Amino acid sequence: MKKTILAVFFSIFALTSANAEIGVNIGVSAQIGSMETKGEERNSDGASFTQTSDNEEALIGTAGFFIEKDLAFLPGGLGEAGSRVAIGYDNIAHDLDLGTQSNHRARGLGAGGAITAAGNHTLNAEVTSFQTIYATVNIFDWLYVKAGDVTIDVDTNFTKNGTKSTDYGTSHELGGTVIGFGVSRETDTGFFMRLEYNSYDIDGKTVTSAGADSTLTAELKDVTGETARVSIGKSF
């Protein structure tokens, strides 16, 4: 779905690129903020074993790039309204290490009655992509609101007693939404600067172990957070 939206976006860009002013913004951004979530590992019966983490809050900092296209090319009066609306895409330009969590799992009953030994388990997670498809609407020339769809790719490294395991998989995709608002200032030459506030709500995910202890599941609760973002770019 994300690739289809991007294909449509760049098709719009290609169809309107013959104009002197093509209504495209290109820029780079940096943001800083915090994200909060919690996790849980439990047995399939929901009672004999449950390990729930405290709410975890972490500071994050990212740098990325974006491209936007306004809708001024729409016919008739729609073009006038569309000149205040832009469709955009952004992504971070680097991986983001989410850190490592450890859990001591007690001896328990696994799949088919198999006994799983007690041990120390660790999980490291790294964000490899943080893509957003969004729309902005200019309320005034200097003030805009923003809403979009977020897709996050996360690679995980799970170890059981020091041995790497793929029981919970190694690649995961999370989806969610972002809403925000910002202020913008543009020069006569088309260069602009923005200050922006964003609120994120990322859906959690539940994964069932594929190993001998497959009656266990690990769940990441919903991730929420807020960031402040600064952007610079050029309008064409």
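Our subject is the structure listed above.
What counts, and at which threshold
- Residues numbered from 1 in each chain as written.
- Predicted model: local features only at pLDDT ≥ 70, side-chain atom pairs only at ≥ 80, totals over all residues.
- Heavy atoms only, no water.
- Helix = DSSP H or I, 4+ residues; strand = E, 2+ residues; numbered from the N terminus.
- Buried < 20%, exposed > 50% of the residue type's maximum accessible area, 1.4 Å probe, protein only.
- Contact = heavy atoms within 4.5 Å.
- Areas by Shrake-Rupley, 256 points an atom, 1.4 Å probe, with all protein chains shown as cover.
- Phe/Tyr/Trp six-rings, centres within 6.5 Å; stacked < 30°, edge-to-face > 60°.
- Lys NZ or Arg CZ within 6 Å of the ring centre and 35° of its normal.
- Polar contact = N/O pair within 3.5 Å; in protein donor to acceptor, adjacent residues only side chain to side chain.
- Pairing = 2+ DSSP bridges.
- Salt bridge = Lys/Arg side-chain N within 4 Å of Asp/Glu carboxyl O.
- Core = buried A, V, L, I, M, F, W, Y, C linked by side-chain atoms within 4.5 Å.

## Section: the overall build of the protein chain
No. 1: Along its length, the protein chain carries 2 helices and 16 strands.
No. 2: Buried residues in the protein chain amount to 39% of all 236 residues.
No. 3: Long-range pairs, those at least 24 residues apart, make up 66% of the contacts in the protein chain with a sequence separation of at least 6.
No. 4: Carbon together with sulfur atoms contributes 58% to the accessible area of the protein chain, which is approximately 12800 Å² in total.

## Observations concerning the packing of aromatic side chains
No. 1: Counted under the stated rule, the structure contains 5 aromatic pairs.
No. 2: When the ring of Phe 66 is compared with that of Phe 192, the centres are 6.3 Å apart and the planes differ by 50 degrees; the resulting orientation is tilted. A residue pair is termed long-range when its members are at least 10 positions apart, and Phe 66 in strand β4 (residues 56-70) and Phe 192 in strand β13 (residues 191-202) qualify at 126 residues.
No. 3: Classification of Phe 66 by relative accessible area gives buried; the value is 3%.
No. 4: Of the residues examined, Phe 192 reaches a relative accessible area of 5% and is grouped as buried.
No. 5: When the ring centre of Tyr 144 is taken as origin, the NZ or CZ atom of Arg 194, which lies over that ring, is 5.6 Å away.
No. 6: The ring of Phe 236 carries the charged tip of Lys 234 above its face, separated from the ring centre by 4.8 Å.

## Looking at the environment of Tyr 144
No. 1: With respect to the helices and strands, the residue Tyr 144 is situated in strand β10 (residues 143-160).
No. 2: The class of Tyr 144 is buried, set by a relative accessible area of 3%.
No. 3: In the structure, Tyr 144 is positioned 38 residues away from Gly 182 in sequence and 5.5 Å away in space, judged by C-alpha atoms.
No. 4: Beyond its immediate stretch of four places on either side in the chain, Tyr 144 contacts Thr 136, Val 137, Asn 138, Ile 139, Phe 181, Gly 182, Val 183, Ser 184, Arg 194, Leu 195 and Glu 196.
No. 5: Side-chain polar atoms of Tyr 144 contact the side chain of Glu 196, separated by 2.5 Å.

## So, the pairing of β13
No. 1: Residues Phe 192, Arg 194, Glu 196, Asn 198, Tyr 200 and Ile 202 line the buried face of β13, whereas the alternating positions Phe 191, Met 193, Leu 195, Tyr 197, Ser 199 and Asp 201 sit on a face that is not buried.
No. 2: Linking strand β12 (residues 171-186) back to β13 in an antiparallel pair, the connection comprises 4 residues, with Gly 190 at a positive phi of about 95 degrees.
No. 3: The pairing of β13 with strand β16 (residues 223-235) spans 12 bridges and is antiparallel. Pairing of Phe 192 across the sheet is with Gly 233, part of β16.

## As for the side chain of Asn 198
No. 1: Among the secondary structure elements, Asn 198 is positioned in strand β13.
No. 2: By relative accessible area, which is 0% here, Asn 198 ends up buried.
No. 3: In this structure the side chain of Asn 198 is engaged in a polar contact, spanning 2.9 Å, whose partner is the side chain of Glu 196.
No. 4: Aside from chain neighbours lying at most four places away, what touches Asn 198 is Gln 31, Lys 146, Val 178, Ile 179, Gly 180, Gly 225, Glu 226, Thr 227 and Arg 229.

## Some thoughts on the pattern of salt bridges
No. 1: For the coordinates displayed, the defined rule picks out 5 salt bridges.
No. 2: Residue Arg 194 is joined to Glu 68 by a salt bridge in which the shortest nitrogen-to-oxygen separation is 2.9 Å. Of the two residues, Arg 194 sits in strand β13 while Glu 68 sits in strand β4, which places them 126 residues apart along the sequence. Both residues of the pair, Arg 194 and Glu 68, count as buried.
No. 3: Taking the shortest distance from any N to any O, the salt bridge between Lys 69 and Asp 70 comes out at 3.1 Å.

## Overview of the pairing of β12
No. 1: Summarising the sheet, β10 and β12 pair through 13 bridges and their orientation is antiparallel. Across the sheet, the residue bridging to Val 145 is Phe 181, located in β12.
No. 2: Pairing of β12 with β13, which is carried by 11 bridges, proceeds in the antiparallel orientation. The residue bridging Gly 176 from the neighbouring strand is Ile 202, located in β13.

## As for the nonpolar core
No. 1: With 15 residues, the main nonpolar core has Val 127, Phe 130, Val 150, Ile 152, Val 154, Tyr 200 and Ile 202 as its most contacted residues.
No. 2: Breaking this core down by element, the ones donating at least two residues are β9 (119-138), β10, β12 and β13.
No. 3: Those residues in contact with Val 127 that sit more than four places away from it in its chain are Ile 92, His 94, Asp 95, Leu 96, Leu 98, Ile 152, Asp 153 and Val 154.
No. 4: Judged by nonpolar contacts, the second largest core, of 5 residues, contains Ile 22, Val 24, Ile 67 and Tyr 89.

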